[in-house]
Amino acid sequence: MPPRNAGRAADELRTVSFERGFYANAAGSVLVRSGDTVVLCTASVSDDLPPWLAGKGKGWVTAEYNMLPGSTSPRKQRDRKKVDGRTTEIQRLIGRSLRAIVDQKVLGELAVTVDCDVLKADGGTRTASITGAYLALHDALAACEEFSPAGRWPLTDSVAAVSAGIVAGETLLDLDYSEDSTAEVDMNVIMTGSGKFIEVQGTGEGGTFDAAQLQSLLAVCSKGIQELTDKQKAALA
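Residues numbered from 1 in each chain as written. Predicted model: local features only at pLDDT ≥ 70, side-chain atom pairs only at ≥ 80, totals over all residues. Heavy atoms only, no water.

Per an unreviewed UniProt entry, the chain goes by the name Ribonuclease PH and belongs to Aeoliella mucimassa.

Put into structure tokens, the structure is as follows:
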């Protein structure tokens, strides 16, 4: 297998950075850079709950995801009439991942919407969105007067996500587009900061995989998510 871009080791993340407070109009916002993938995550809080939750003393967290036209080459068409299947799948994934670490009763009758807009896509847009969405959610809740990380706090854990795959027979962490597009096996893993799995999405794109390969993928993703969790903690410090 040829060397990876930027000379990365097989189990090495791309360079990751978080710029909190990037967007002044949202209660919480962060610009996530993961290699050449760039995502803007914003979180907004309101009392506009879904009708089926009204009066039940619980809150709700949901997400929307979009790739801007200039995020890819050639230009991506805007979703003008309806959201495509891939976009729907990803925004539901982001929402599920965030709700897994939210105590909805402590949240009370508030609704949080997290928007993840891909500015530049080079693989791993959904995983970067989840990792950044957590920080935007954290900051939006911290801006609410009724919550305090030292007291009444709706977040029970952190959440981060990363991709991995088998490319030319080798297990690689955090695939960029050139690797993802040629991978025999592609996997996305979402975990809490305490090391519990929220979701595992693994697919044989150009081949099959055995139990040993599955374990190698999970192991490398667990390592990567621990590193991302450490970076999130540093960003919040």
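This is not the end of the story, as more comes after the structure.
A.B. asks: Before we go on, may I ask you to explain the packing of helix α1 (residues 85-99) against helix α3 (residues 125-142) in this structure?
C.D. replies: When two helices pack together, their arrangement is captured by the angle between the axes and the distance separating the axes. Viewed as axis vectors pointing N to C, α1 and α3 meet at an angle of 40°, and their least axial separation amounts to 10 Å. The angle between the axes of α1 and α3 places the two elements in the oblique class. Like other packed secondary-structure pairs, α1 and α3 cross with a definite hand, here right-handed. Of the residues in α3, those in contact with R86, E89, I90, L93, I94, S97 and L98 of α1 are T125, R126, S129, I130, A133, Y134 and L137. In terms of residue class, the contact of α1 with α3 is built from 8 nonpolar, 3 polar and 3 charged. (Axes fitted to C-alpha atoms, helices over the stretch in contact; angles between N-to-C directions. Helix = DSSP H or I, 4+ residues; strand = E, 2+ residues; numbered from the N terminus. Parallel < 35°, antiparallel > 145°, perpendicular 65-115°, else oblique. Left-handed = near helix turned anticlockwise from the far one by under 90°. Contact = heavy atoms within 4.5 Å. Nonpolar A, V, L, I, M, F, W, Y, C, P; charged D, E, K, R; others polar.)

A.B. asks: How should I be thinking about the sheet that holds strand β5 (residues 111-120) in this particular structure?
C.D. replies: By way of backbone hydrogen bonds, the strands of a sheet pair with one another, either parallel or antiparallel. What the 5 strands build is an open sheet, ordered β1-β2-β3-β5-β4; its pairing is mixed. At either end of the open sheet lies a strand with only one pairing partner, and these are β1 (16-20) and β4 (60-67). Taken pair by pair, the neighbouring strands of this sheet meet at an average axis angle of 20°, ignoring direction. Of the strand pairs in this sheet, strand β2 (residues 28-34) and strand β3 (residues 37-46) are connected by 7 bridges, and their pairing is antiparallel. Its bridge partner lying in β3, L31 is registered against L40. Strands in contact with α1 are β4 and β5; relative to β4, the strand with the most contacts, it is inclined by about 145°. Together, β1, β2, β3, β4 and β5 form the strand contacts of α3, whose direction differs from that of β3 by roughly 35°. (Pairing = 2+ DSSP bridges.)

A.B. asks: Is there a simple way to think about α1 in this case?
C.D. replies: With 15 residues, α1 ought to run about 21 Å at 1.5 Å a step, and its terminal C-alpha atoms sit 21 Å apart, in line with that. Within the sequence span of α1, burial applies to T87, T88, I90, Q91, L93, I94, G95, S97 and L98. (Expected span 1.5 Å × (residues − 1). Buried < 20%, exposed > 50% of the residue type's maximum accessible area, 1.4 Å probe, protein only.)

A.B. asks: Even after reading the chapter, I still don't get helix α5 (residues 211-236), so can you show me in this structure?
C.D. replies: Note: α-helices contain 3.6 residues per turn, so residues at a spacing of three or four share the same orientation. The end-to-end C-alpha distance of α5, which contains 26 residues, comes to 37 Å, matching closely the 38 Å that a straight helix rising 1.5 Å per residue would cover. Turning to α5, its buried residues number three or more, namely L217, L218, V220, C221, G224, I225, L228, T229 and Q232. On the buried face of α5, the contacting elements are β1, α3, β6 (159-167), β7 (170-173), β8 (185-192) and β9 (197-204). Among the residues of α5, the N-terminal cap falls to D210, whose side-chain oxygen and the backbone nitrogen of A212 are separated by 3.2 Å. (Polar contact = N/O pair within 3.5 Å; in protein donor to acceptor, adjacent residues only side chain to side chain.)

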